[in-house]
Amino acid sequence: MAKIAAICTSPKKGTAKYKVEEALLIEDFGVKDDAHAGKWHRQVSLLELKKIEDFNAQGGNVKFGDFGENIVIDGIEVDKLPVGQKIQIGEAILEITQIGKKCHNECEIFHRVGKCIMPIHGVFSKVLKGGTIKVNDKAELI
């Protein structure tokens, strides 16, 4: 069973996010009080737990939120999902809108960590149905 390993948020774009135990996903907007929320296709960012663990095993020293990800999922290879795939977390439903991205030139994350895995492994989504999500909630492909 896939589950949410971490939820992270930040009031400013291009910076690391901080871990929270729960968050409100707002339909067609994103994570409440997160800088990336808005009426666009990259409302919520996702990263697979294993990608963070692999990065740390290769000498990285990152914690949840350091790559700017909103949700860390354990048990789903999110970067292998097709655009259009839906994921249900609690009552909330996300739809994958983009795989990977062009990284900001020399963003804070790159300077602090040395490289960023979001351009390759980061996934972006929009909120089709809102709701409160919590760490350890089940994540399910629908």
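Bear in mind the structure is a predicted one, so any value in this text is a computation, not a measurement.

## Thoughts on unusual backbone geometry
Right, so step 1: One non-glycine residue, D28, lies in the positive phi region at around 55 degrees.
Right, so step 2: Among the secondary structure elements, D28 is positioned in the loop between β3 (22-26) and β4 (30-31).
Right, so step 3: Phi angles above zero are rare outside glycine, and N136 is one such case at about 80 degrees.
Right, so step 4: Note that N136 resides in the loop between β10 (131-134) and β11 (138-141).

## Section: the nonpolar core
Right, so step 1: Counting residues in hydrophobic clusters, the biggest one holds 24 residues, and the most contacted among them are L46, I71 and I73.
Right, so step 2: Among the secondary structure elements, those contributing two or more residues to this core are β1 (2-9), β3, β5 (44-48), β6 (71-74), β7 (86-89), β8 (92-99) and β9 (123-129).
Right, so step 3: Not counting residues up to four positions away in its chain, the partners in contact with I73 are A2, K3, I4, L46, L47, E48, L49, V78, I87 and A139.
Right, so step 4: Counting 14 residues, the second-largest nonpolar core is a separate cluster that includes A5, A6, L47 and F67.

## A short note on the sheet that holds β3
Right, so step 1: Read across the open sheet, the three strands follow the order β4-β3-β10; overall the sheet is antiparallel. Every interior strand has two partners, whereas the edge strands, β4 and β10, have only one.
Right, so step 2: Across four bridges, β3 lies against β10 in antiparallel orientation. Its bridge partner lying in β10, A23 is registered against I133.

## Some remarks on the environment of K3
Right, so step 1: For K3, the position within the fold is in strand β1.
Right, so step 2: Judged by relative accessible area, K3 falls into the partly exposed class, the value being 31%.
Right, so step 3: With 26 residues separating them along the chain, K3 and F29 place their C-alpha atoms 22 Å apart.
Right, so step 4: Ignoring sequence-local partners within four residues, the contact set of K3 consists of V72, I73, D74, N136, D137, K138 and A139.
Right, so step 5: A distance of 3.4 Å separates polar atoms of two side chains, one belonging to K3 and the other to N136.

## Details of the pattern of salt bridges
Right, so step 1: This structure, assessed with the given rule, holds nine salt bridges.
Right, so step 2: Salt-bridge contacts for K17 lead to D34; the nearest nitrogen and oxygen are separated by 2.8 Å. Of this pair, K17 sits in the loop between β1 and β2 (18-20) while D34 is found in the loop between β4 and β5, placing the two residues 17 residues apart along the sequence. For the pair K17 and D34, one class covers both residues: buried.
Right, so step 3: Note that K126 and D28 form a salt bridge whose closest N and O atoms lie 4.0 Å from each other. Here the residue K126 occupies a position in strand β9, and D28 occupies one in the loop between β3 and β4, the gap between them amounting to 98 residues.
Right, so step 4: Residue classification places K126 among the partly exposed residues on the basis of a relative accessible area of 27%.
Right, so step 5: Bridged by salt links that share partners, the residues E48, K51, D79 and K80 form one connected network.

Cut-offs and rules
- The residue numbers shown here count from 1 along each chain, following its written sequence.
- With the structure being a predicted model, the display of local features is reserved for residues of pLDDT at least 70 and the display and counting of side-chain atom pairs for 80 or more, all residues being used for whole-chain, interface and lining totals.
- Side-chain metrics in this entry use all non-hydrogen atoms of the structure; hydrogen atoms and water are not considered.
- Each helix is a run of DSSP H or I of at least 4 residues and each strand a run of E of at least 2, with the numbering of both proceeding from the N terminus.
- Only buried residues count toward a nonpolar core. Its members are Ala, Val, Leu, Ile, Met, Phe, Trp, Tyr and Cys residues joined through side-chain atoms within 4.5 Å.
- When a residue's accessible area, from a 1.4 Å probe over protein chains only, is under 20% of the maximum for its type it is buried; when over 50% it is exposed; and in between it is partly exposed.
- By the convention used here, residues are in contact when the closest approach between their heavy atoms is within 4.5 Å.
- Strands pair, by our definition, only if DSSP identifies at least two bridges between them.
- Definition of a polar contact: a pair of N or O atoms within 3.5 Å, with one able to donate and the other able to accept a hydrogen when the atoms are protein atoms, and with sequence-neighbouring residues admitted only if both atoms are side-chain atoms.
- Whenever Lys or Arg places a side-chain nitrogen within 4 Å of a carboxyl oxygen from Asp or Glu, that contact is recorded as a salt bridge.

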